[in-house]
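Descriptive analysis of the structure
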Amino acid sequence: MAEKRDYYEVLGISKGASDDEIKRAYRKMAKKYHPDVNKEPGAEEKFKEINEAYEVLSDPQKKATYDQFGHAGMDGAAGFGGGFSGFGGGGFGGFDDIFSSFFGGGFGGGGRRASNGPRKGNDRFMQMTIDFMDAIFGVNKKITIEVDEPCDHCHGTGARSQSDIQTCPTCHGSGYVVTQQRTPLGVMQSQSVCPDCHGSGKKILHTCDHCHGRGYEHKRVELDIKIPAGVQSGQQLRISGKGERGANGGPNGDLFIEVLVRRHKTFVRDGNDIRISVPISALDAILGTKIDVPTVYGDVELTIPAGTQYGQQFRLKGKGVKGARTTGDQYVEVTVEIPTKISREEKELYEKIKAKKGHESPFEKFKKAFR
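What counts and what doesn't
Residues numbered from 1 in each chain as written. Predicted model: local features only at pLDDT ≥ 70, side-chain atom pairs only at ≥ 80, totals over all residues. Heavy atoms only, no water. UniProt positions renumbered as here; feature names shortened; annotations may be inferred. Helix = DSSP H or I, 4+ residues; strand = E, 2+ residues; numbered from the N terminus. Polar contact = N/O pair within 3.5 Å; in protein donor to acceptor, adjacent residues only side chain to side chain. Contact = heavy atoms within 4.5 Å. Salt bridge = Lys/Arg side-chain N within 4 Å of Asp/Glu carboxyl O. Buried < 20%, exposed > 50% of the residue type's maximum accessible area, 1.4 Å probe, protein only. Pairing = 2+ DSSP bridges. Axes fitted to C-alpha atoms, helices over the stretch in contact; angles between N-to-C directions.

Under the annotation held in an unreviewed UniProt entry, the protein carries the name Chaperone protein DnaJ and is attributed to Massilicoli timonensis. Of the protein, the UniProt comment under Subunit (unreviewed entry) reads exactly: "Homodimer." Database annotation for the protein, UniProt heading Subcellular location (unreviewed entry): "Cytoplasm".

The following block contains the structure:
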């Protein structure tokens, strides 16, 4: 007989997981391997293993025993003497409620009815790439999408009139049909969507002349998207009602657009601040100078003081991104460029400076620290 796996490993959680984390992990795994959904070989055995792990870890007393003694402590526990006992454990009482949310039903004749009322559609996601400057100042973009929208004539019912909507005779308005199957775990009751009304619980006598009973119209629409000033790469914009169509006359989901901002060749954004690196000559760094520095708002004069060092930064207040509450700054980093080729006259001038009495190079100062 194969050795049992650790219950925490079965549910994919750590030993210190909270009750909520255990329940969420169980719901996810059980939904994936439920026999009504997963028809792959071994899915049913996996499903039993998940249920067994949850029955122990959801019961504080059993969990404490398992944490101390492992599987050996479960051999004498209620429901485990001759193997997995089913779905009756104290900590497992919520099983029916959990699966009613997945499949509209439960086990052993219990279970809640699946909702056949209007349901909102799923959300949709897309990406939009914009230029750096458009992100700084904002921009309007047009996009074209295809979307299913509720029919304007029948308002999503699919019927010509309200009198044409009757209760489905197959499922009697519940929207689902119930089947029972005998398994090694006992009698399993499952629910599936009614094949005649497709879960609506209604039968349409005369369909809408405009949408032919579908309840929606497939449209190609153009949307004006307003990108706000200061948007950052990765932010999302929400467009209401442009997602997937709803069910049973429910509203559409929403469309979420993730904004991606292209890099700029000069400017680098850091939150609401902007950073830029500008080169100056060695002489300008020594003697000081004034330069016109590019900003997103145009050139700004910047005074470079005498003795400026390589990598020194200067702040241009208020020249960053205008945010909702504050405006960022621009930081200018100076890089000093050393010429690789100089004229004979320039070399002579540098030699005179070097030979001047009292001149001491930075390296000579550095070496003195070791004497």
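On to the side chain of E149, then. Here E149 lies in strand β2 (residues 139-150). At a separation of 3.4 Å, a polar atom in the side chain of E149 contacts the side chain of K219. With residues up to four places along the chain from it excluded, the contact list for E149 reads Y216, E217, K219, K242 and N252.

Now for the pattern of salt bridges. Taken as a whole and judged by the stated rule, the model has 19 salt bridges. Put simply, K219 and D152 hold a salt bridge, and the shortest N to O gap is 3.9 Å. With K219 in strand β7 (residues 216-227) and D152 in the loop between β2 and β3 (165-167), the pair connects residues that are 67 residues apart, well separated along the chain. You can call K219 partly exposed: its relative accessible area is 26%. Exposure remark for D152: the relative accessible area of 52% places this residue in the exposed category. For D270, the salt bridge identified is with R275, shortest N-O distance 3.2 Å. Given the relative accessible area of 40%, D270 is considered partly exposed.

This brings us to unusual backbone geometry. The phi dihedral of H172 is positive, around 60°, even though this residue is not glycine. Checked against the element boundaries, H172 lands in the loop between β3 and β4 (176-183). In this model, H212 sits at a positive phi of 60°, which is unusual for a non-glycine residue. By the secondary structure assignment, H212 is in the loop between β6 (202-204) and β7.

The next thing to look at is the sheet that holds strand β10 (residues 268-270). In space, the four strands of this open sheet follow the order β10-β11-β15-β14, with mixed pairing throughout. Strands at the two margins of the open sheet, each flanked by one partner only, are β10 and β14 (313-316). Adjacent strand axes in the sheet meet at a mean angle of 35° when their direction is disregarded. Here three bridges tie β10 to strand β11 (residues 273-281), and the two strands are oriented antiparallel to one another. When the bridges of β11 are listed, R269 appears paired with I274.

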